[in-house]
Amino acid sequence: MTSAPVDETAELAQLAIELARSGGALALQRRQAGFAVSTKSSPTDVVTDADRAVERLVRDELAARRPADSVVGEEAGDDGRADAAVRWLIDPIDGTVNFMLGLPQWAVSVAAEQDGRVIAGCVYNPVSGELFHASRGGGAYLDGLRLTGPRPVPLAEAVLGTGFGYDQDRRARQGRVVGELLGRVGNLRRLGSAALDLCFLAAGRLDLYFEGPLGEWDYAAGLLIAEEAGAITSGLYGRPAGSACVAAGQRDNAADFFALLEAVGAGRE
């Protein structure tokens, strides 16, 4: 496996920030001007024309600035360029239901991957103006403030963030898992954006996080930010964090948290 030179990683990280800001500005404009809503996999899996417009903007900017790179996004999928050295993962609006309802927890997520590893990423919340970003080996930041991860608290005091899928049967299974967890952790938050949940873990606003399955665009940038802030991550059952499940905690409680998740069947389909 090769690693990107430091200057290239920094260039990709800066571009991720610029793309996320551009996409966020367009999303805010569409939010204020009005937007159309349709559904995808289920009646609860909504998409807006703003999602599609933001992804189109980011893809167009990448095509102009880095035409040799490949892109995969939530709305338009994978461009199929498997030979590209750098692959971009885009979630144009992570938290579309929140965006639609006027809730403030939604974000544009942009990540750059090389050799199967995300090396740069940005998650930008246009409503709050908060910009989370990280580069592999370079730390994680909220604007200019370096992030140091979640609090070192026992599970019984920890605040857990999670989310749920769109399929009704899957939701029911996930609900049963959460029911098992509620008596063993301090409290639960369901904020509606996986990308922001992982950033909030990095910033110490959440103590624990798990969710899955997810699209890789959902977690790519946020997972890098959490890991660079010092969070310990896992995919459970001997797997690395990934599309099947992303779980994360603080160094002192992560092993106990992962064992608890496996005991109650989290991350199993």
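All of these numbers come straight from a predicted model, not from anything done at the bench. Residue numbers here run from 1 along each chain, matching the order of that chain's written sequence. Local features are withheld for residues below a pLDDT of 70 in this predicted model, meaning they are given only at 70 or higher, and side-chain atom pairs are given and counted only at 80 or more; totals for whole chains, interfaces and linings count all residues. Each side-chain value is worked out from all heavy atoms of the structure, with water and hydrogens disregarded.

On to the sheet that holds strand β11 (residues 159-161). In spatial order, the strands read β12-β11-β13-β15-β14; together these five strands make up an open sheet with mixed pairing. Two strands lie at the open edges of the sheet, namely β12 (187-189) and β14 (232-234), each paired on one side alone. The mean inter-strand angle of the sheet, taken between neighbouring strand axes irrespective of direction, is 20 degrees. Pairing of strand β13 (residues 208-211) with strand β15 (residues 246-249) involves three bridges; the strand directions are antiparallel. When the sheet's bridge partners are listed, Tyr209 is paired in β15 with Ala248. In this description, contact between two residues means that some pair of their heavy atoms is separated by no more than 4.5 Å. Geometry is summarised by axes, namely lines fitted to C-alpha atoms with helices restricted to the contacting stretch, and by angles between N-to-C directions that run from 0 to 180 degrees. Secondary structure follows DSSP: runs of H or I at least 4 residues long count as helices, runs of E at least 2 residues long count as strands, and numbering of each begins at the N terminus. With respect to the sheet, helix α5 (residues 194-202) is in contact with β13 and β15, its orientation differing from that of β13 by roughly 155 degrees. Strand contacts of helix α7 (residues 254-263): β11, β13, β14 and β15, with the helix running at about 145 degrees to β15, the strand carrying the most contacts. If DSSP finds at least two bridges between two strands, the strands pair.

Here the aromatic set is Phe, Tyr and Trp, taking the six-membered ring for Trp, and pairing holds for ring centres within 6.5 Å; pairs whose planes are under 30 degrees apart are stacked, those over 60 apart are edge-to-face, and all others are tilted. With the rule as written, the count across this model stands at four aromatic pairs. Each ring, one from Phe35 and one from Phe99, has its centre 5.1 Å from the other, and the planes form 45 degrees; the classification is tilted. In this pair, Phe35 is assigned in the loop between α1 (6-33) and β1 (37-39) and Phe99 in helix α3 (residues 96-101), connecting sequence segments 64 residues apart. Throughout, exposure labels follow a simple rule: accessible area from a 1.4 Å probe, protein chains only, divided by the maximum for the residue type, with under 20% read as buried, over 50% as exposed, and the rest as partly exposed. When its relative accessible area of 0% is taken as the criterion, Phe99 is described as buried. Arranged with centres 6.2 Å apart and planes meeting at 65 degrees, the rings of Phe132 and Phe200 form a pair that is edge-to-face.

Glancing now at α5. Summarising burial for α5: nine of the nine residues are buried, a large majority. Inspection of α5 places Ala194, Ala195, Leu196, Asp197, Leu198, Cys199, Phe200, Leu201 and Ala202 among the buried residues, and these make up the whole buried set. At the exit of α5 stands Gly204, carrying a positive phi of roughly 80 degrees.

Here we take up the pairing of β13. On β13, burial covers both faces: Leu208 and Phe210 on one face and Tyr209 and Glu211 on the other are all buried. The pairing of β11 with β13 spans two bridges and is classified as parallel. Its bridge partner lying in β13, Gly161 is registered against Tyr209.

To continue, consider the nonpolar core. We define the nonpolar core as a collection of buried residues of types Ala, Val, Leu, Ile, Met, Phe, Trp, Tyr and Cys that are connected through side-chain atoms lying within 4.5 Å of one another. If you look at the biggest cluster of nonpolar residues, it comprises 35 residues, and the most contacted ones within it are Val123, Phe132, Leu147 and Ile225. Among the elements of the structure, β6 (107-114), β7 (117-124), β8 (131-135), β9 (139-142), α5, α6 (216-228) and β15 are those that each provide at least two residues to this core. Excluding residues within four positions of it along the chain, Val123 makes contact with Ala107, Val108, Ser109, Glu130, Leu131, Phe132, Ala195, Leu196, Cys199, Ala221, Gly222 and Ile225. Ranked by size, the runner-up nonpolar core spans 29 residues in total, among them Leu26, Ala27, Leu62 and Ile119.

Looking now at the layout of surface pockets. Here a cavity denotes a set of grid points, spaced 1 Å apart and computed over the protein atoms alone, in which a 1.4 Å probe fits but from which it cannot get out, and a pocket denotes an open set meeting protein on both sides within 12 Å along at least five of seven lines; residues with an atom within 4 Å of a point are reported as lining. Grid points are joined across faces, edges and corners, and a volume is the space filled by probe spheres set on the points. Approximately 600 Å³ is the volume attributed to the largest pocket. What lines the largest pocket is a set of 35 residues, among which Asp94, Phe164, Tyr166, Glu211 and Asp218 lie closest to the centre. When residues of the lining of the largest pocket are traced back to their parent elements, those giving at least two are β5 (86-94), α3, α4 (168-182), α5 and α6. The wall of the second largest pocket is formed by 17 residues, among which Gly116, Val118, Tyr219, Leu223 and Ala241 lie closest to the centre. Among the secondary structure elements, those contributing two or more residues to the lining of the second largest pocket are β5, β7 and α6. Among the elements that line the lining of the second largest pocket, the one with the most residues is α6, at six residues. For this scheme, ten residues count as nonpolar: Ala, Val, Leu, Ile, Met, Phe, Trp, Tyr, Cys and Pro. Four count as charged, namely Asp, Glu, Lys and Arg, and the remainder, Gly too, count as polar. A class-by-class count of the residues in the lining of the second largest pocket yields eight nonpolar, three polar and six charged.

What follows covers the sheet that holds β5. Each strand in a sheet pairs with its neighbour through backbone hydrogen bonds, running either in the same direction (parallel) or in the opposite one (antiparallel). Strands sit in the order β4-β3-β5-β6-β7-β8-β9-β10 across an open sheet of eight strands; the sheet is mixed. Across the chains shown, the open sheet's two edge strands, defined by having one partner strand only, are β4 (77-78) and β10 (145-146). Bridging between strand β3 (residues 70-73) and β5 involves four bridges; their strand directions are parallel. Note on β5: the bridge partner recorded for Val72 is Leu89. The strands that helix α2 (residues 49-65) touches are β3, β4 and β5; relative to β5, the one it contacts most, it runs at about 155 degrees.

Before going further, it helps to examine the state of the cysteines. We call a pair of cysteine sulfur atoms a disulfide whenever their separation is within 2.5 Å. Within the structure shown, the criterion is met by zero disulfides. With no disulfide partner, Cys122 has as its closest neighbouring cysteine sulfur the one in Cys199, 8.3 Å distant. For Cys245, which is in no disulfide, the shortest distance to another cysteine sulfur is to Cys199 and amounts to 18 Å.

Shape descriptors only; they carry no functional weight alone.
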